Amino acid sequence: MTVIRRVLLPSPRSFCAGVERAIEIVERLLDRHGPPVYVRNQIVHNAHVVADLEARGAVFIGELDEVPDEALVVFSAHGVAPAVEREAARRGLDAVDATCPLVAKVHAEAKRAADAGDTVILIGHEGHEEVVGTMGVAPERTVLVEDAAAVASLRVADPAKVTYLSQTTLSVTEVESIAAALQARYPAIKGQGAEDICYATSNRQAAVAAVVDEADLVLVVGSANSSNSNRLVELARLAGTPSHLVEDAGALDPAWLEGTRTVAVTAGASAPPALVDDVVTAIAALGPIELIERPVTEETQEFLLPQRLRTRG
Ligand code: SF4
């Protein structure tokens, strides 16, 4: 008897409003000005998005010294340190900021806390572009903490004047546990639990959590440097379900599917929806499937484009 494999599609999955906005900024600039449009760092952490924009004339660079004077440059969705903005202005670059408004909100919170004389404790992953940008808001007043164990060795100028913030794309449960450790160590600390984690990250985690127990395997479409995608894999594994991060259908290993009756397929906020369709098609090529949508939350969030790009043409 042929076994029909169930493929669960939890939602929300795939692109968030901040990623759509960042991609649209680059696309509109390419339409309006033609290539090259320089983009500092990957516009979003997805290899396919980057390759598509590159094919249309975007040029991805690591630092501003790779950009000719007065050129057009876009800052990625992950945000930049104020020193980068100052450098762009000094060089006469035409800078367009594609920072996600929810990252910009964390920058504003960091500035407010540092201006009030607090030490800012940022919960995040060292070296991630968002963390580099947020730490750059008040570098002399910000310290990074990566896990709850590291809280014990933190040093701050005045334990009565501390605020914690977090990277937007972390695990909700992990940030809550680090926040609890911070509150235990610094009773006067200000902060809002996992509130800095963006709606897209927490919604995708909740959607995977809703199906993980009935799945034999969770596939997450996303690039290796995508923080929120990696957190989805972690969440599934912590729940005891095997899980893999796949760049695209080509990365699917048929051996993972052997013996599975129910497979959940999701995608991080930077992964295009078409890549999920490709993965589902690849699973269907291995045997008959029943496709089941599992909506958990509906997302209605939209972000305005920068003023200069709001009209087409
Ligand atoms: Fe913004 Fe969250 Fe999307 Fe990042 S994942 S671009 S913070 S909405």
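It should be emphasised that the depicted structure is a prediction, and the values quoted were computed from it without experimental measurement. (Residues numbered from 1 in each chain as written. Predicted model: local features only at pLDDT ≥ 70, side-chain atom pairs only at ≥ 80, totals over all residues. Heavy atoms only, no water.)

**Q** So what about the pairing of strand E11 (residues 262-267)? Which residues, and what values?
**A** Within E11, six of the six residues are buried, which leaves the element mostly enclosed by the surrounding structure. Here E11 shows two buried faces, one formed by Thr262, Ala264 and Thr266 and the other by Val263, Val265 and Ala267. Inspection of the sheet shows strand E1 (residues 5-11) paired to E11 by three bridges, in the parallel sense. Residue pairing across strands places Val7 opposite Val263, the latter belonging to E11. Both strand E9 (residues 217-221) and E11 contribute to a ladder of five bridges, which runs parallel. Bridging across to E11, Leu219 finds its partner in Val265. (Buried < 20%, exposed > 50% of the residue type's maximum accessible area, 1.4 Å probe, protein only. Helix = DSSP H or I, 4+ residues; strand = E, 2+ residues; numbered from the N terminus. Pairing = 2+ DSSP bridges.)

**Q** Go over the site of the ligand with me, naming the residues and quoting the values.
**A** In the vicinity of the ligand, the residues found are Cys16, Gly18, Val19, Cys100, Val103, Thr168, Thr169, Cys198, Tyr199 and Ala269. Taken together, domain 2 (17-100) and domain 3 (102-185) each give at least three residues to the shell around the ligand, which thus spans both. (Near = heavy atom within 4 Å. Domains from an automatic or database assignment.)

**Q** Break down helix H2 (residues 47-56) for me, with residues and values.
**A** Each turn of an α-helix holds 3.6 residues, which means side chains three or four residues apart point in the same direction. Taken together, the buried positions of H2 are Val49, Val50 and Leu53. Along the long axis of H2, the arc covered by the buried residues comes to 95°, so they all point the same way. Those residues of H2 that are exposed and angled more than 90 degrees off the buried face are Asp52 and Ala55. As for H2, its buried residues are in contact with helix H1 (17-33) and strand E3 (58-61). Within two residues after H2, Gly57 carries a phi angle of roughly 120°, on the positive side. (Arc of directions from axis to C-beta. Contact = heavy atoms within 4.5 Å.)

**Q** A description of the pattern of salt bridges should follow, citing residues and the corresponding values.
**A** Considering all chains together, one arrives at 16 salt bridges under this definition. Residues Glu293 and Arg13 are paired through a salt bridge, measuring 3.2 Å at the closest nitrogen-oxygen approach. Of this pair, Glu293 sits in strand E12 (residues 289-295) while Arg13 sits in the loop between E1 and H1, and the two are 280 residues apart along the sequence. Among the residues examined, Arg13 registers a relative accessible area of 21% and is labelled partly exposed. (Salt bridge = Lys/Arg side-chain N within 4 Å of Asp/Glu carboxyl O.)

**Q** Tell me about the sheet that holds strand E6 (residues 119-123), and name the residues and values.
**A** Sheet architecture is open: three strands sit in the order E7-E6-E8, paired in parallel fashion. Either end of the sheet is taken by a strand with one partner, and the two such strands are strand E7 (142-145) and strand E8 (162-166). Adjacent strand axes in the sheet meet at a mean angle of 25°, parallel and antiparallel pairs treated alike. Bridge count between E6 and E7: four bridges; the pairing is parallel. When the sheet's bridge partners are listed, Leu122 is paired in E7 with Leu144. (Axes fitted to C-alpha atoms, helices over the stretch in contact; angles between N-to-C directions.)

**Q** Please set out the sheet that holds E11 residue by residue, giving values where relevant.
**A** Pairing within the open sheet is parallel, and its five strands lie in the order E10-E9-E11-E1-E12. Of all strands in the sheet, those bounded by a partner on one side alone are strand E10 (243-246) and E12. Taken over all neighbouring pairs, the strand axes of this sheet differ in orientation by 25° on average, direction set aside.

**Q** Describe the domain arrangement of the protein chain, and please don't skip the residues or the numbers.
**A** Domain annotation for the protein chain reports domain 1 (5-15 + 199-295), domain 2 (17-100) and domain 3 (102-185). In this assembly, seven residues from domain 1 lie in contact with nine residues from domain 3. Summed over both partners, the interface of domain 1 with domain 3 comes to about 610 Å²; 54% of that surface belongs to carbon and sulfur atoms. Contact with domain 3 buries area across many residues of domain 1, yet Thr201, Ser227 and Arg231 alone supply 55% of it, more than any other trio. The tally of links between domain 1 and domain 3 comes to zero salt bridges. Our enumeration of links across domain 1 and domain 3 arrives at four residue pairs in polar contact (both at pLDDT 80 or more). Where the side of domain 1 that touches domain 3 is concerned, the elements lending two or more residues are helix H7 (199-211) and helix H8 (227-238). At four residues, H7 tops the list of elements feeding residues into the side of domain 1 that touches domain 3. Classifying every residue of the side of domain 1 that touches domain 3 gives one nonpolar, five polar and one charged. (Buried area = accessible area lost by both parts, 1.4 Å probe. Polar contact = N/O pair within 3.5 Å; in protein donor to acceptor, adjacent residues only side chain to side chain. Nonpolar A, V, L, I, M, F, W, Y, C, P; charged D, E, K, R; others polar.)

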